[in-house]
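# Commentary on secondary and tertiary structure
Now for the letters of each chain:
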Amino acid sequence: MISKLISEIKKKNAPIVVGLDPQMSFIPSFLLKKSISERGESLEAAADAIYEYNKGLIDAIYDLAPAVKPQIAMYEQFGVPGVEAYKKTVDLAHEKGLVVIGDIKRGDIGSTSEAYAIGHIGEITVGTRSFAPFNEDIVTVNPYLGSDGVKPFIDVCNKYDKGIFVLVKTSNPSSGEFQDQTIGDKTLYETVAEKVVEWGGMSMDGNYSNVGAVVGATYPEMGIMLRKLMPKAYILVPGYGAQGGKGSDLKGFFNEDGLGAIVNSSRGIIAAYKNEKYASFGEEGYAEAARQATVDMIKDITESVQ
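Below or above, wherever it landed, is the structure these notes cover. (Residues numbered from 1 in each chain as written. Predicted model: local features only at pLDDT ≥ 70, side-chain atom pairs only at ≥ 80, totals over all residues. Heavy atoms only, no water.)

## Thoughts on the overall build of the protein chain
For the protein chain, the helix and strand inventory stands at twelve helices and 13 strands. Rg of the C-alpha trace for the protein chain: 19 Å, near the compact-globule value of 19 Å for 306 residues, within the 12% margin. When its C-alpha atoms are laid out on the principal axes, the protein chain stretches across 60 × 55 × 40 Å. Classification of the 306 residues of the protein chain by burial places 53% in the buried group. Intrachain contacts of the protein chain at a sequence separation of at least 6 include 73% that bridge at least 24 residues. Surface accessibility of the protein chain: about 13200 Å² in total, with carbon and sulfur atoms responsible for 51%. On the protein chain, the mean spot of the 31 positive side-chain charges and the mean spot of the 40 negative ones are 3 Å from each other. (Helix = DSSP H or I, 4+ residues; strand = E, 2+ residues; numbered from the N terminus. Rg over C-alpha atoms; globule rule 2.2 N^0.38 Å. Buried < 20%, exposed > 50% of the residue type's maximum accessible area, 1.4 Å probe, protein only. Contact = heavy atoms within 4.5 Å. Areas by Shrake-Rupley, 256 points an atom, 1.4 Å probe, with all protein chains shown as cover. Lys, Arg positive; Asp, Glu negative; His and termini not counted. Charge placed at Lys NZ, Arg CZ, Asp CG, Glu CD.)

## A look at the pairing of strand β2 (residues 67–70)
Burial along β2 is two-sided: the residues Ala-67 and Lys-69 and Val-68 and Pro-70 are all buried. Two elements, strand β1 (residues 16–20) and β2, share four bridges in a ladder whose sense is parallel. In the sheet register, Gly-19 faces β2, and the bridge partner there is Lys-69. Pairing of β2 with strand β3 (residues 99–106), which is carried by two bridges, proceeds in the parallel orientation. Across the sheet, residue Ala-67 finds its bridge partner in β3, namely Val-99. (Pairing = 2+ DSSP bridges.)

## Digging into the packing of aromatic side chains
Scanning the model with the defined rule gives five aromatic pairs in all. Geometrically, the ring pair formed by Phe-30 and Tyr-286 is tilted, given 6.4 Å between the ring centres and 50° between the ring planes. You can see Phe-30 sitting in helix α2 (residues 29–39) and its partner Tyr-286 sitting in helix α12 (residues 286–305), a full 256 residues away along the chain. Taken together, Phe-30, Tyr-53 and Tyr-286 form an aromatic cluster joined through their ring pairs. One cation-aromatic arrangement involves Lys-96 over Tyr-62; the distance from NZ or CZ to the ring centre is 4.7 Å. Its end group placed over the ring of Tyr-219, Lys-169 keeps NZ or CZ at 4.4 Å from the ring centre. (Phe/Tyr/Trp six-rings, centres within 6.5 Å; stacked < 30°, edge-to-face > 60°. Lys NZ or Arg CZ within 6 Å of the ring centre and 35° of its normal.)

## Notes on the environment of Ile-16
Looking at where Ile-16 falls in the secondary structure, it is placed in strand β1. Through-space distance from the C-alpha of Ile-16 to that of Met-297 is 8.1 Å; in sequence the pair is 281 residues apart.

## Some details on the side chain of Thr-89
Tracing the sequence through the fold places Thr-89 in helix α5 (residues 79–95). By relative accessible area, Thr-89 is classed as buried at 1%. A distance of 3.0 Å separates a polar atom in the side chain of Thr-89 from a polar atom in the side chain of Asn-54. (Polar contact = N/O pair within 3.5 Å; in protein donor to acceptor, adjacent residues only side chain to side chain.)

## Overview of the layout of surface pockets
The space that makes up the second largest pocket amounts to roughly 330 Å³. As for the second largest pocket, its lining consists of 16 residues, and the residues nearest its centre are Asn-142, Pro-143, Tyr-144, Leu-188 and Val-192. Per element, the largest residue contribution to the lining of the second largest pocket is six residues, and it comes from helix α9 (residues 188–200). Split by residue class, the lining of the second largest pocket holds nine nonpolar, five polar and two charged. (1 Å grid on protein atoms, 1.4 Å probe; cavity = no way out; pocket = protein on both sides within 12 Å on 5 of 7 lines; lining within 4 Å. Points joined across faces, edges and corners; volume = space filled by probe spheres on them. Nonpolar A, V, L, I, M, F, W, Y, C, P; charged D, E, K, R; others polar.)

## A few points about the packing of α9 against helix α10 (residues 220–229)
α10 packs onto α9 with a crossing angle of 30° between their chain directions and a minimal axis gap of 10 Å. Overall, the two elements α9 and α10 adopt an arrangement that is roughly parallel. In this structure, the crossing between α9 and α10 has a hand that is right-handed. Contacts between α9 and α10 involve Tyr-189, Glu-190, Ala-193 and Val-197 from the first element and Met-222, Met-225, Leu-226 and Leu-229 from the second. (Axes fitted to C-alpha atoms, helices over the stretch in contact; angles between N-to-C directions. Parallel < 35°, antiparallel > 145°, perpendicular 65-115°, else oblique. Left-handed = near helix turned anticlockwise from the far one by under 90°.)

Shown next as structure tokens:
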């Protein structure tokens, strides 16, 4: 699967992923009003508005970005209708030729971990038929429970040509409370990175592994060090834009071949129309604002990492 993602990154010359993390405050009022007029003030209306919002965004950026990353919690907060909107979003992104990274951050052990893996990147058999329930291409995985929690995902990756990004050093301010703690002469995030290398050897796909890592743009010095520790692991880089990460911070996340990392922006793109820089597009032009923000992000990153 990582080879497919790399192919799309090269084709579009865009090492970016657009995070589809909808919040009610992001959805233009005209979309929400329409959904409420048809479905009343209900979870179904909220989910419908979310999907229509995502549809506009995907239509605006699919030819620019190689991938999208829906964050499942933003959909689960609306219950079953929200999860249905998540699945419809995944399917639409695939119809447009996008790689889908499901930001699910699952992590458990044994049969539970296997069930998460099957549900999101694998298949389940019912009678004589098989189904891919959510059918993302790649998902994020929390490694806190160790190899018992990650190995079932790797097994499913190998069976169905899928991928995972393992949380190594996350972009949030309090990540250091655990991740920066030392174990012997290493930090916890370095220890996890070494495991990513080990796990990655179980699922190679060309020069890179289907087992990648999440490393936040907000910690560029650590990104440089982790890039060297994990030369075959693709790095998903959150924290660009709204969280403070800049293109100039990112060169160290990439390998000398210009590959090795994909940078995420969520609200900086999907809510761009709320930013003064793109305010002229207005609510009705939220998708066009997102497109321009995507163009600007690609320019910033490609110029910074060359």
